[in-house]
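As a plain string of letters, each chain reads:
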Amino acid sequence: MKKRGVLRSALVLLMSLAIVLTISGAVLAAGSGPFHFGFKKSVNGQLPSINEEGFKELLQKYDAIFMGDAEQKELYLTFDNGYENGYTSRILDTLKEKKVPATFFVTGHYVKTQADLLKRMTAEGHIIGNHSWNHPDVTTISAEKLTEELERVKKEVMSITGQPDMKYLRTPRGIFDEKSLATSKQLGYTNVFWSLAYMDWDVKSQRGAQYAYDKVTAQLHPGAVILLHSISKDNTEALGRIIDEAKNRGYEFKSLDQMQKKAP
């Protein structure tokens, strides 16, 4: 009887342990995503924050970029180029005139249709980053499929431009999970999110250059990674003024390759 009681107690203990492990696994799974990147915006010069978004530790774990050194008046200008809408040449003209570097995150569609613009980007000292080949939700595809997506962009861009490597990734629509972070880091990528943005991607809802100027300059802060979409007429027309205003406030535009301190 005593032996039977010991066995019963051991069985109960094992069942309890299994429940705990199951719960722990569920918590881990929940904490690994999927997530849609978001942040608390900078207001009146205060720094933006991702402290309450639920994914800060995950981004730290995989060395993702949200912003640069919050103690340095440096800005990092990035553009998402899913397709060409006739404005990138003018954007490049402005960057050349103002002597400002940028990173352009491109998709397979852009790579297939805009070889001349890709060549110009690299010739003028800009970085081309990976935005995936087919612009999928990366949390819904396998690690193998994600690898194919990223490697195809990298290979084609290097073939067209001679860019020696591709180190930066921005996942489509800012959707990510631990699998996508881990897979891309293993491939040598730094995931680049952002700390300054506004709803500029809707080509049917452009509100004028002044609106773009106001939205961007209101959020300027030290270490800002600025996300703009090259399909926006407003951005194109406001870009020169945005750059001038940032410089007037004492900011310096730098390349992602120059970022010394990575946040979060």
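Here goes a summary of the coordinates provided. Note that this is a predicted model, so its numbers are computed, not measured. (Residues numbered from 1 in each chain as written. Predicted model: local features only at pLDDT ≥ 70, side-chain atom pairs only at ≥ 80, totals over all residues. Heavy atoms only, no water.)

Another aspect to go through is the packing of helix H3 (residues 88–98) against helix H5 (residues 115–123). The interhelical angle for the contact between H3 and H5, taken along N-to-C directions, is 10°, at an axis separation of 11 Å. The angle between H3 and H5 places the two elements in the roughly parallel class. On H5, the residues that touch Thr88, Ser89, Leu92 and Asp93 of H3 are Leu117, Arg120 and Met121. Across the contact of H3 with H5, the residue classes break down as 3 nonpolar, 2 polar and 2 charged. (Axes fitted to C-alpha atoms, helices over the stretch in contact; angles between N-to-C directions. Helix = DSSP H or I, 4+ residues; strand = E, 2+ residues; numbered from the N terminus. Parallel < 35°, antiparallel > 145°, perpendicular 65-115°, else oblique. Contact = heavy atoms within 4.5 Å. Nonpolar A, V, L, I, M, F, W, Y, C, P; charged D, E, K, R; others polar.)

Core analysis: the largest hydrophobic core is formed by 43 residues, its most contacted members being Leu77, Phe79, Leu95 and Ile226. In contact with Phe79, not counting residues within four places along its chain, are Ile91, Leu95, Ala102, Thr103, Phe104, Phe105, Leu228, His229, Ser230 and Leu239. Grouped together as the second largest cluster of nonpolar side chains are 26 residues, Ile50, Met67, Ile127 and Leu181 included. (Core = buried A, V, L, I, M, F, W, Y, C linked by side-chain atoms within 4.5 Å. Buried < 20%, exposed > 50% of the residue type's maximum accessible area, 1.4 Å probe, protein only.)

Among the secondary structure elements, Gly86 is positioned in the loop between strand S2 (74–81) and H3. Its relative accessible area of 52% is what places Gly86 among the exposed residues. Here the alpha-carbon distance between Gly86 and Ser230, two residues 144 residues apart in the chain, equals 8.8 Å.

Next up on the list: the pairing of strand S3 (residues 102–106). Most of S3 sits inside the fold, with 5 of its 5 residues counted as buried. A two-sided burial pattern is seen for S3, the buried positions comprising Ala102, Phe104 and Val106 on one face and Thr103 and Phe105 on the other. Where S2 and S3 come together, 5 bridges link them in parallel fashion. Its bridge partner lying in S3, Thr78 is registered against Thr103. (Pairing = 2+ DSSP bridges.)

Structurally, Ser49 is set in the loop between strand S1 (35–36) and helix H2 (56–61). Using a relative accessible area of 18% as the deciding quantity, one classes Ser49 as buried. At 3.0 Å, the side chain of Ser49 and the backbone nitrogen of Asn51 are in polar contact. When residues no more than four places from it in sequence are discounted, the contact partners of Ser49 are Phe39, Lys40 and Phe66. (Polar contact = N/O pair within 3.5 Å; in protein donor to acceptor, adjacent residues only side chain to side chain.)

What follows is about the packing of aromatic side chains. Summed over all chains, the structure comprises 13 aromatic pairs. An aromatic cluster is built from Phe35, Phe37, Phe39, Phe55, Phe66, Phe176, Phe193 and Trp194, whose rings are joined through pairwise contacts. One residue, Lys73, lies across the ring of Tyr251, its end atom 4.5 Å from the ring centre. Stacked on the ring of Tyr213, the Lys or Arg Arg241 has its end atom at 4.0 Å from the ring centre. (Phe/Tyr/Trp six-rings, centres within 6.5 Å; stacked < 30°, edge-to-face > 60°. Lys NZ or Arg CZ within 6 Å of the ring centre and 35° of its normal.)

In this section: the pattern of salt bridges. Using the criterion set out here, one finds 13 salt bridges in the structure. Linking Lys154 and Asp165 is a salt bridge whose minimum nitrogen-to-oxygen distance equals 3.4 Å. In this pair, Lys154 is assigned in helix H6 (residues 143–161) and Asp165 in the loop between H6 and strand S5 (168–169), connecting sequence segments 11 residues apart. With relative accessibility at 36%, the residue Asp165 sits in the partly exposed group. Arg249 serves as the salt-bridge partner of Glu245, at 2.8 Å between the closest nitrogen and oxygen. By relative accessible area, Glu245 is classed as partly exposed at 22%. A single network of salt bridges, built from pairs that share partners, joins Asp93, Arg120 and Glu124. (Salt bridge = Lys/Arg side-chain N within 4 Å of Asp/Glu carboxyl O.)

Of all the residues in helix H7 (residues 178–186), the buried ones are Glu178, Ser180, Leu181, Thr183 and Ser184. Tucked into the core, H7 has its buried residues touching H2, H6, S5, strand S6 (175–176) and strand S7 (190–191). With a side-chain oxygen positioned 3.3 Å from the backbone nitrogen of Lys179, the residue opening H7 is Asp177. Positive phi appears at Gly188, one or two residues downstream of H7, with a value of about 95°.

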